[in-house]
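A closer look at the structure
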Amino acid sequence: MRTEREMMDLILKVAIDDERVRAVGMNGSRTNPNAPKDIFQDYDIVYFVTEMDSFLREHNWIDIFGERIIMQIPENSELFPPSLGGDFTYLMQFTDGNRIDLRLSLIEKTSLWLQEDRLAKVLLDKDGLFPKLPAPTDNEYWVKKPSKKIFEDCCNEFWWVSTYIAKGLWREELLYAYDHLKITRNMLLQMLEWKVGIETDFSLSIGKNAKYLSRYVDQKTWDELLKTYPIVDENEIWNALWAMTNLFDEVGEEVANHLQFSYPPFNTSKVKAYLEHVSKLPKDAREIY
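Residues numbered from 1 in each chain as written. Predicted model: local features only at pLDDT ≥ 70, side-chain atom pairs only at ≥ 80, totals over all residues. Heavy atoms only, no water.

Tallying secondary structure elements over the protein gives 8 helices and 6 strands in all. The order of helices and strands in the protein, counted from the N terminus, is α-β-β-α-β-β-β-α-β-α-α-α-α-α. Since a compact globule built from 289 residues should have a radius of gyration of about 19 Å, the 24 Å found for the protein marks it as more spread out than a globular shape. Dimensions along the principal axes, computed over C-alpha positions, put the protein at roughly 75 × 40 × 35 Å. Here the protein holds 289 residues, and 42% of them are scored as buried. Intrachain contacts of the protein at a sequence separation of at least 6 include 64% that bridge at least 24 residues. Surface summary for the protein: the accessible area is close to 16,100 Å², and the carbon and sulfur share equals 52%. Of the side-chain charges in the protein, 35 are positive and 48 negative, and the distance between the mean point of each set is 2 Å. (Helix = DSSP H or I, 4+ residues; strand = E, 2+ residues; numbered from the N terminus. Rg over C-alpha atoms; globule rule 2.2 N^0.38 Å. Buried < 20%, exposed > 50% of the residue type's maximum accessible area, 1.4 Å probe, protein only. Contact = heavy atoms within 4.5 Å. Areas by Shrake-Rupley, 256 points an atom, 1.4 Å probe, with all protein chains shown as cover. Lys, Arg positive; Asp, Glu negative; His and termini not counted. Charge placed at Lys NZ, Arg CZ, Asp CG, Glu CD.)

Here it is as structure tokens:
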């Protein structure tokens, strides 16, 4: 596996040798001082170029970066329409384990790139396109303190969608129920994120997809959270739902007390009774009540 130094030297050499590339930027975990360093970190690179057409006519110019296992070009996708406003991206996984996410952007868009991400770092600037930048920081990704309304909306979404899970399980539509379980779990993760924020004075990020959450919650909470990830089985999904409602109640009340909100913000006992009722409802029932 090529070292970080070898990869950075290659990325910069390609840019230096190509007159069309006027600047190189990097963001992501490699510029984040709080992100753990490991062998799977991508190189999130932006080449700021004078024009795009000559790069895009033949894509084999990227072969210089190494032999690839697989590549994705989002801007060529019909299934997932591009979203970078005219930029072009090569997502490259190499046979030596390294990965580069290389984005091409016109030099006129340098200021827009700086506005996107406080983790931006300039690696090369041939023409003085960039001002002097402050040190990269991830503070825009720190847990944000919720307003009372946002807290209540989170609670409402959790308990509202829980009824979809019950309905899907009664109908034996397991994929439907499982899919809605993910929505309620996202609300639980949001509540756990606020709990971590309270305990750390809202001074850190738990990472994309809550990937750092296990570092900031106690073992009991973590174990209870893992119970909400079941196999696709009716009884297992019901058990996951009960684990989720119990944990949501526990953490919701804790967050509410710290933020001086009310929990529950509405009568959740009726929802719980409904879920319990549906869980015992015969499959040949003609009426819910």
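Where nonpolar side chains cluster on the molecular surface, the patch consists of M1, I39 and F40 and spans about 400 Å² of accessible area. Residue position: I39 is located in the loop between β1 (21-27) and β2 (43-49). On the basis of relative accessible area, I39 is assigned to the exposed category, the value being 58%. (Patch = residues over 30% accessible without salt bridge, like charges linked within 9 Å, V, L, I, M, F, W, Y side chains within 5 Å. Salt bridge = Lys/Arg side-chain N within 4 Å of Asp/Glu carboxyl O.)

Attention shifts here to the sheet that holds β2. Strand order in the open sheet formed by 6 strands is β3-β4-β5-β2-β1-β6, with mixed pairing between adjacent strands. Where the open sheet ends on each side, the last strands, each with one partner, are β3 (68-72) and β6 (121-125). Averaged over neighbouring strand pairs, the angle between their axes works out to 20° when direction is ignored. As judged from the 7 bridges shared by β2 and strand β5 (residues 99-106), these two strands associate in the parallel manner. Across the sheet, residue D44 finds its bridge partner in β5, namely D101. Across the sheet, helix α1 (residues 4-17) is in contact with β1, β2, β5 and β6; its angle to β2 comes to roughly 10°. (Pairing = 2+ DSSP bridges. Axes fitted to C-alpha atoms, helices over the stretch in contact; angles between N-to-C directions.)

This next bit is on the layout of surface pockets. Taken as a whole, the largest pocket encloses approximately 800 Å³ of empty space. In terms of lining, the largest pocket is formed by 26 residues, of which the most central are G28, S29, D44, D117 and K208. Sorting the residues of the lining of the largest pocket by element identifies β2, β5 and α3 (110-116) as the ones contributing at least two each. Among the residues making up the lining of the largest pocket, the classes are represented as 8 nonpolar, 8 polar and 10 charged. Every residue lining the second largest pocket is listed: T163, K167, W170, R171, Y274, V278, L281, A285, R286, E287 and I288. Put simply, the parts of the chain that give the lining of the second largest pocket at least two residues each are α4 (148-170) and α8 (268-279). Looking at which element gives the most residues to the lining of the second largest pocket, the answer is α4, with 3 residues. Residue classes in the lining of the second largest pocket are distributed as 6 nonpolar, 1 polar and 4 charged. (1 Å grid on protein atoms, 1.4 Å probe; cavity = no way out; pocket = protein on both sides within 12 Å on 5 of 7 lines; lining within 4 Å. Points joined across faces, edges and corners; volume = space filled by probe spheres on them. Nonpolar A, V, L, I, M, F, W, Y, C, P; charged D, E, K, R; others polar.)

Moving on, we get to the pairing of β2. Counting buried residues in β2 gives 6 out of 7 residues, a clear majority hidden from the surface. Pairing of β1 with β2 involves 6 bridges; the strand directions are antiparallel. Its bridge partner being in β2, V24 is matched across the sheet by Y47.

Here helix α5 (residues 174-199) is 26 residues long and its end C-alpha atoms lie 37 Å apart, about the 38 Å a rise of 1.5 Å per residue gives. Of the residues one or two after α5, D201 is the one with positive phi, at around 60°. (Expected span 1.5 Å × (residues − 1).)

With that settled, the discussion passes to the nonpolar core. Residues F151, M191, L213, F248 and V255 are the most contacted members of the largest nonpolar core, which totals 41 residues. Those elements giving two or more residues to this core turn out to be α4, α5, α7 (234-259) and α8. Considering every element that reaches this core, the biggest residue donor is α7, with 11 residues. In contact with M191, other than residues within four places in its own chain, are F151, C154, C155, F248, V251, G252 and V255. (Core = buried A, V, L, I, M, F, W, Y, C linked by side-chain atoms within 4.5 Å.)

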